[in-house]
Structure formats: C-alpha cells, structure tokens
Amino acid sequence: MKNIVCKFCLITFLGLVLLSCSSKKEYKITSPGKNNELIFSLTKMGEPQYRLSSKGKSVIEPSLLGFEFEGIKKMTEGFKVIAVEENQSDTIWKQAWGEFKMVRDNHNELIVHLKESEGEERLVDLIFRVFDDGLGFRYSFPKQAHLNQVRITNEITQFTFPFDHDVWWIPVHSENSYYESFYRKTAMSKTDTINTPATFETKNQLYIAIHEANLTDFASMTLLKTTDRQYKSELVPWADGIKVYTQTPFKTPWRTIIVGDKPGDLAISSLMLNLNEPSKIKDISWIRPSKYIGIWWGMHLEKYSWGQGDKHGATTKKTKEYIDFASKNKLDGVLVEGWNEGWDGDWTADGTSFSFLKAYPDFDLAEITKYAAIKNVRLIGHHETAGATKHYESQLEAAFKMYQKAGVNTVKTGYVNKYLDKKEWHDSQYGVRHYRKVIETAAKYQIMIDNHEPVKGTGLQRTYPNLMTQEGGRGQEYNAWSPDGGNTPTHTTTLAFTRMLAGPFDYTAGNFNFDYKTASGARVQSTLANQLALYVIIFSPLQMASDLPENYESKAEFKFIKEVPCIWSETQVLDSKIGEYTTIARKDWEEQNWYLGAITNEDARKLSITLGFLDKGETYQAEVYADGPDADYKTNPYPVVISTKVVDDKTILDLDLAPGGGTAIKFTLLKK
Ligand code: NOJ
C-alpha cells in the first residue's frame, strides 16, 4: 500500500494582514461550500471569543477562549489582534487503511495573532479551520520572552449552545477510567462532566459532535457543564492537580465541532483525520489489516484461566489448535492472553509482576511462532500491564524486539486498573505520553497495536497507521461477566454516532453461542444475525471472531465472518436513528463488492432499503443473512435465514429485523 498520495493539491495563501490596531471588530470565515460560518471577535475586555453557525442556524453562541497557568498571569483577556491570516486548502490524501480510501481535506483557515495590550505583551495565535462538515480550532503559543515553561491549570474554552439540547454522553471516571459505559441521552442540563465525543441532537434540527483531534503531549479534554446550555473544556489533571506541563512553542490539540443534518453526517466525517499530521511511518508495507481469533473469550467465560493451573488457556497445545483453526478458515492471526509470567493471583491489583519477556513453562513461543509461520498465520502478542506503565516501559524495547524476532507483528496492550502507576488517569497528559511512547516504540519494531483501556482516539492513526484499533468502549467482554447482564441491544445502535467518532473500536463481535453460563448471568443480548451485521457497523482494521472456535465449526453463518473485509474504500450511512437502529453500507478496499449491516435495538423493525449505493449499471448477487422466524434476542437468538438474490442500484430490499436483531448482506459484483 502506498502511504499518502496527493491527487491534487491546492493550498492558497491568501495573505497576512497586519493591523496597526484592533480596528476591526469581527473576523469571519466561511467553509468552502459556504454552509458553515465562524466569527472571531474580542470582547470589550479583550477576551477572545468565537461563534459558529451552519446554514444560518446557530451552532455555538459567543464562547470564550483562553488559558490559566500556575504562578503567572492568565491569558484570557486584555488582548488585541495584531494580524490575521487567511488560507485555503483543498487536497486529497490516501489512507493507509480506513473507512474511505481517499480523503478530501477542503477547508478555509483563519489565523488570528493576538498580543496582550499591556504588561508583558505575551502572544497567542488562534487557528480556525472551517470545513463543510464543521470546525476545528487550536491554540498556538509561540516561543517568546515572557512565556517559557508553563503549568496549565485551566483551559477556559467554552461551547455555548443556543438551547438546552439533548446530548448522548458517558461520564468521566465515575464508572471507570476507560470509557466503558453505556451512552445515554439526556438534556444538557441533566449532565455534569461528560466525555468526548459528545453527540448533540439539537432543538434546531442539527446533529453536532464535540471532540478533539491530534491529542499530543497534552491532557484530554472533557466537558464540564457550566450552565444549562454551556460546557467548558475541563482538562484531565495529573495527580498533583496540574493539567499540562509544557513549554513554548507549543500547540494544543484541535477542538472539533462536527455539524450535520442527520446522524450519518457525523459518522462519515473525516474532519478529525484531516486535523492530524500525515504518516510519520514512511514504509507502511508491514501494516496489514486483518482478522483474528483468540484464546480470550474462554478466559472471560472462566472456562480457561490467564494464570497457571489446570485451566491455563495459553498452552502450546491449545495455541496450535487455534492456529490450525485460523489456517483452515483463512483467518490471519491468533491472539493468546496469559502466555507470560505475572498472571497468578489478582493480576489486576498490581502489574509489576508481569514479565513481557518470560513465558510460562507450558507456552513455547519459539515453537508456536514457527508452527504459525508454516500455517501462514501470525501469533498476536499480548501485553497486559494492569496500569503499571513505568514497569512496562522498562521492558518495552526488549519486549517488542523479542516479538519482532519471533515474527509477531501485532500486539494487544491492556491497562486494567483505575489508575496508571497507582495515581494518574489514563486520559491525563501522563497517560497520553505513555501511550504515544508505546505506539512509537512499536513502530520502530514494525509492530501494530490494538490498545485496550486506552486514552480516547483522536485520529492519531493517520500519523501512526500502526495504531490499528482501540477499545475505549463497552465491548463484547461485558457479555461474559457484567453484573448488569451485558450490553443492551440499544448500546450497539448508539455506537456509530458516539464512540466510533473517536476511531476504530476492537469491539470483538462474532458470538455464535448464546447458551453459556457465567456467575454474573450476563449474556450476549442480540440475535446471531445482529452479531454478523456488527462487522459492517463497527469499524476496526483488526476484527476479531471472538467466540470459541468450536462454536463456529460447521456453522453456515461463519462464511460471512470469513469473507467480510475489515477496511473499506467507501462508506455510506443509510437511514439511522441513534439508539434505535443503524444501517451502514461499505465497499471493500479493492472497490469490488459492497456489504451492508443493519441492526435494531430491543424493538423489532422493518426497514426498506434502496440499494442506491451500488455502482450504477452493475448487477450484484446479494447474499442475505437475516433474522429467521421467531428470532428474538431474549428468547431465540439463533435463527438465521440465508438467501440470495440478484440486485442492482434500483432494487429496494425489505429488511425484517427481530428484537435485538440485524441483517448482514454481501453484494458480490457479477461479471458481465
Ligand atoms: C482487558 C481487555 O479489554 C480484555 O480484552 C483482556 O482480555 C483483559 N484486559 C486481560 O488482558
């Protein structure tokens, strides 16, 4: 795969306007298609503020901008505008992998250079990029005499809405430290501090998502409710209360506001990716999206154990059996958890016992990787840290080096603990620095990363395409042990418009057996057809077939999992309603066949889908995996009817989704 191809590039510098005094009151910039308008101004007190509208509707009302620091004067007021720049850019770049092969970055940019009118005359620039699907803005603090090392104590960036809108949100840190919550919809006034992406269904008929892009050496932004219709950026602190330690020159991550008319507009936006830097990895030939199975679900079901003993899952024998299964079914990888020293006892309490170099005696890494190579399968490595990041970092280089030597090209990492190193949040600057170190070190050893218990995604996969996928959401594992019974059907119908706005999710769909018993009583709450549809709905360039291999043997539905791609040249979100149903069509990376996934919440639903996304003038064989008679996620999840039909872009398909159900379709291009 080629890294970045600039099909056509147009970057126009429209000019730097030097202003002798802040004579002008407002600085306006519109998006290329003129639908979104950003206005920057200073208040009478010299406070920077912005507002945003979309097709004449107010998105963000005047909202203040600025930062406060420890020990020095805050930079929130007393500014004048000393210069402005306007630039245009319209480029197309190729993704290493993704939901689209080519991405267009078409925006207008306004850079406002501010200086304090009095005193130390400190400088800050505000950079706004307005796209047809929203706004990104960031602060840039240049190197300067009176601002050097700083300790940020508060970001005051506000997001003021015209009304008390409804918002889909998850809480910050109160339920867990890594975003594993159900998204819930309430009025803004009923929230306090919420995570991003936060998705708003507005009273003026817009869909808006607030998030951030390119989170680099900074704290994550959460949103603190300040009034019934306003949030402000609340940076996740270090244990000592400081939000960010930094030094000029520095730039903040981009604050992003995606705006659309329907939920799907948010889901297909590339704004976050466009605000990240191009790939730093020059040769990406070793980065390969793939499908995998794993010695994993068995541990969550307590059939196997991570630690040593009779039930130890990660044995050479069992791994070879999994490799045989993967090879037979043309799956690329086998994840094995619990292979290394450190799992015995309560491994979640303290990760300092983990060795990332020493295997348990019944796991022979050399023999396994040799066997895997013969079978054309890769072992997927595993590093659970239980949050002991310093301990992990002390072995990082050696561990990746060892894996690379053994031919392991993907490693799943994990950070199960409320804190990192017993006191820092996963999404603090401390965590952000650690995760970046892992991605960069992995790249050095040509290793792809699947990061569980991560800091939320902000589009870094553009810069580091070896950051394949992350957890950072309530995944399938909750269906094994969650005391609340597992993921509700509603949950998966929210994801495309909430969690997925932060990038790929290693949800690990593919459950085929619903009759397991666990102490918690949790169960997969969906039909089998719904599990298939999730491979289209939830994007991840590494997709797991998560069930035990024995549950796939001789199941006709397994064909869909084997065939469904995990990266796409094109994506379209069809009729969808957040928390009720989602329908997504995607074309494979090779630009041949299309796939469709439709899922519903607890309610049965009939959907009528016009196949207008199919290529005009072509015919396709549709292979439909639909909920069968009497299918119901509660009482009868198994029935799937598989049928075929010749279709084209004019065909209307009627889908009949069971409660908690779904439909998965492969459209194979018929040769003329
Ligand atoms: C948490 C991960 O999310 C899960 O997938 C993994 O099995 C456990 N950690 C053990 O590492």
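Before reading on, note that the structure itself is shown above.
Quantities reported herein were computed from a predicted structural model and do not represent experimental measurements. (Residues numbered from 1 in each chain as written. Predicted model: local features only at pLDDT ≥ 70, side-chain atom pairs only at ≥ 80, totals over all residues. Heavy atoms only, no water.)

Draft legend 1. Quick look at the nonpolar core. Of all hydrophobic cores here, the largest spans 175 residues; its most connected members are Phe40, Tyr50, Phe128, Phe159, Ile257 and Phe400. Per element, the largest residue contribution to this core is 8 residues, and it comes from helix H11 (residues 528–537). Every residue in contact with phenylalanine 128, bar those within four places of it in the chain, is listed here: Leu38, Phe40, Tyr50, Leu65, Asn108, Glu109, Leu110, Val112, Leu135, Gly136 and Phe137. Grouped together as the second largest cluster of nonpolar side chains are 22 residues, Trp594, Leu596, Leu657 and Phe667 included. (Core = buried A, V, L, I, M, F, W, Y, C linked by side-chain atoms within 4.5 Å. Buried < 20%, exposed > 50% of the residue type's maximum accessible area, 1.4 Å probe, protein only. Helix = DSSP H or I, 4+ residues; strand = E, 2+ residues; numbered from the N terminus. Contact = heavy atoms within 4.5 Å.)

Draft legend 2. Representation of the sheet that holds strand S20 (residues 244–247). Taken together, the 3 strands give an open sheet; going across it, the order is S6-S11-S20, and neighbouring strands pair in antiparallel fashion. Looking at strand neighbours, the two that pair on one side only are strand S6 (67–69) and S20, the edges of this open sheet. The sheet shows a mean angle of 50 degrees between the axes of neighbouring strands, taken without regard to direction. (Pairing = 2+ DSSP bridges. Axes fitted to C-alpha atoms, helices over the stretch in contact; angles between N-to-C directions.)

Draft legend 3. Structural detail: the site of the ligand. Inspection of the region around the ligand gives 14 residues, with His300, Glu337, Glu384, Lys412 and His452 positioned closest. Histidine 382 is positioned such that a nitrogen or oxygen atom in its side chain is 3.4 Å from an oxygen atom of the ligand. Here lysine 412 contributes a side-chain N or O atom positioned 2.7 Å from an oxygen atom of the ligand. Expressed as a share of its isolated accessible area of 290 Å², the protein-covered part of the ligand is 97%. Considering only residue class, the shell around the ligand consists of 5 nonpolar, 3 polar and 6 charged. (Near = heavy atom within 4 Å. Polar contact = N/O pair within 3.5 Å; in protein donor to acceptor, adjacent residues only side chain to side chain. Areas by Shrake-Rupley, 256 points an atom, 1.4 Å probe, with all protein chains shown as cover. Nonpolar A, V, L, I, M, F, W, Y, C, P; charged D, E, K, R; others polar.)

Draft legend 4. Molecular detail of the pattern of salt bridges. Summed over the entire model, instances satisfying the criterion amount to 38 salt bridges. The partner of glutamate 563 in a salt bridge is lysine 559, and the shortest N-O contact between them spans 3.4 Å. Of this pair, glutamate 563 and lysine 559 both sit in helix H12 (residues 558–563), separated by 4 residues, roughly a single helical turn. Looking at glutamate 563, the relative accessible area reads 29%, which means it is partly exposed. On the basis of relative accessibility, which here comes to 33%, the residue lysine 559 falls in the partly exposed class. Between lysine 587 and aspartate 615 there is a salt bridge, with the nearest N and O atoms lying 2.8 Å from each other. Taken together, the positions of lysine 587 in strand S31 (residues 581–588) and aspartate 615 in the loop between strand S33 (605–610) and strand S34 (620–627) put the pair 28 residues apart, joining distant regions of the chain. (Salt bridge = Lys/Arg side-chain N within 4 Å of Asp/Glu carboxyl O.)

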